[in-house]
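Take a look at the letters that make up each chain.
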Amino acid sequence: FFYVMDLVRAAGYETVMIPGVPSFCASSAALGRSLTEMNQPLHILPAGGRLSLPEALALPGTKVLMKSGSAIGQSVQALKRHGLLEKAALVADCGLPTQKVVEDLEKLPADIGYFATIVVSE
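Within every chain, residues take consecutive numbers counted from 1 along the sequence as written. Note on the predicted model: pLDDT of at least 70 is required for a residue's local features to be given, and 80 or more for side-chain atom pairs to be given and counted; whole-chain, interface and lining totals, by contrast, use all residues. As a rule here, side-chain values cover all heavy atoms of the structure and leave hydrogens and water aside.

1. Let's talk about the packing of aromatic side chains
Condition: Two rings from Phe, Tyr or Trp (for Trp, the six-membered ring) form a pair when their centres sit within 6.5 Å of each other. Planes less than 30 degrees apart are called stacked, planes more than 60 degrees apart edge-to-face, and all others tilted. Classification of residues uses two cut-offs on accessible area relative to the type maximum, computed with a 1.4 Å probe and protein chains only: under 20% is buried, over 50% is exposed, and between them is partly exposed.
Counted by the stated rule, this structure contains 1 aromatic pair. Centre to centre, the rings of Tyr114 and Phe115 are 5.0 Å apart; their planes meet at 75°, and the pair counts as edge-to-face. Classification of Phe115 as exposed rests on a relative accessible area of 51%.

In structure tokens, the structure reads:
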């Protein structure tokens, strides 16, 4: 968001940030899952980020893979290799009329888009 906000400001428009519910929290609520318990760490990671998926999945605690849509096939295969597929679920288009909740990632719909969030519980 900030890079867009900077562009809008540079074009001479006033901007205001309004706090909201982060999509990963909304996704967790849609799944009916807690993100953490007591001293358990929480890692919010872009699916195609600098940290490799194997490294990310090796982290302790809950992992949230943001914007997983374009990397969904790779993400599912990595979850399988790490024995985490059964602990993972996905919410696509959270809060939109097109929202999809997928508890079994082996049964993914073909039309998963950019706004897909995978929650991997410990």
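2. Looking at the pattern of salt bridges
Basically, it comes down to this: Criterion for a salt bridge: a side-chain nitrogen of Lys or Arg within 4 Å of a carboxyl oxygen of Asp or Glu. Think of it this way: any DSSP run of H or I at least four residues long counts as a helix, any run of E at least two long counts as a strand, and we number them from the N terminus.
Scanning the model with the defined rule gives 5 salt bridges in all. Across the pair Lys63 and Glu122 runs a salt bridge, and its minimum N-O distance is 2.8 Å. Of this pair, Lys63 sits in strand 2 (residues 62-66) while Glu122 is found in the segment after strand 5 (116-120), placing the two residues 59 residues apart along the sequence. Of the charged contacts in the structure, one is a salt bridge between Lys100 and Asp111, with a shortest N-O distance of 3.3 Å.

3. Considerations on a nonpolar patch on the surface
Here is the rule we go by: The patch calculation keeps residues exceeding 30% relative accessible area without a salt bridge and links them within 9 Å when they carry like charges or within 5 Å when they are nonpolar (Val, Leu, Ile, Met, Phe, Trp, Tyr). The Shrake-Rupley method, run with a 1.4 Å probe, gives the accessible areas here. Residue values count only the displayed protein chains as cover.
On the surface, a nonpolar cluster with roughly 560 Å² of combined accessible area is contributed by Tyr3, Val4, Leu7, Val8 and Tyr13. In this structure, Tyr3 sits in helix 1 (residues 2-10).

4. Things to note about the side chain of Lys63
Condition: Whenever a nitrogen or oxygen atom comes within 3.5 Å of another N or O atom, the pair is scored as a polar contact, on the condition that within protein one atom can donate a hydrogen and the other can accept it, and that pairs from neighbouring residues in sequence are kept only if both atoms are in side chains. Residue contacts are defined here by distance: any two heavy atoms, one from each residue, within 4.5 Å place the two residues in contact.
A relative accessible area of 0% places Lys63 in the buried class. From its side chain, Lys63 meets the backbone oxygen of Leu59 in a polar contact 2.9 Å long. Of note is the side chain of Lys63, whose polar atom sits 2.8 Å from the backbone oxygen of Gly61. When residues no more than four places from it in sequence are discounted, the contact partners of Lys63 are His43, Leu45, Ala56, Leu57, Ile118, Val119, Val120 and Glu122.

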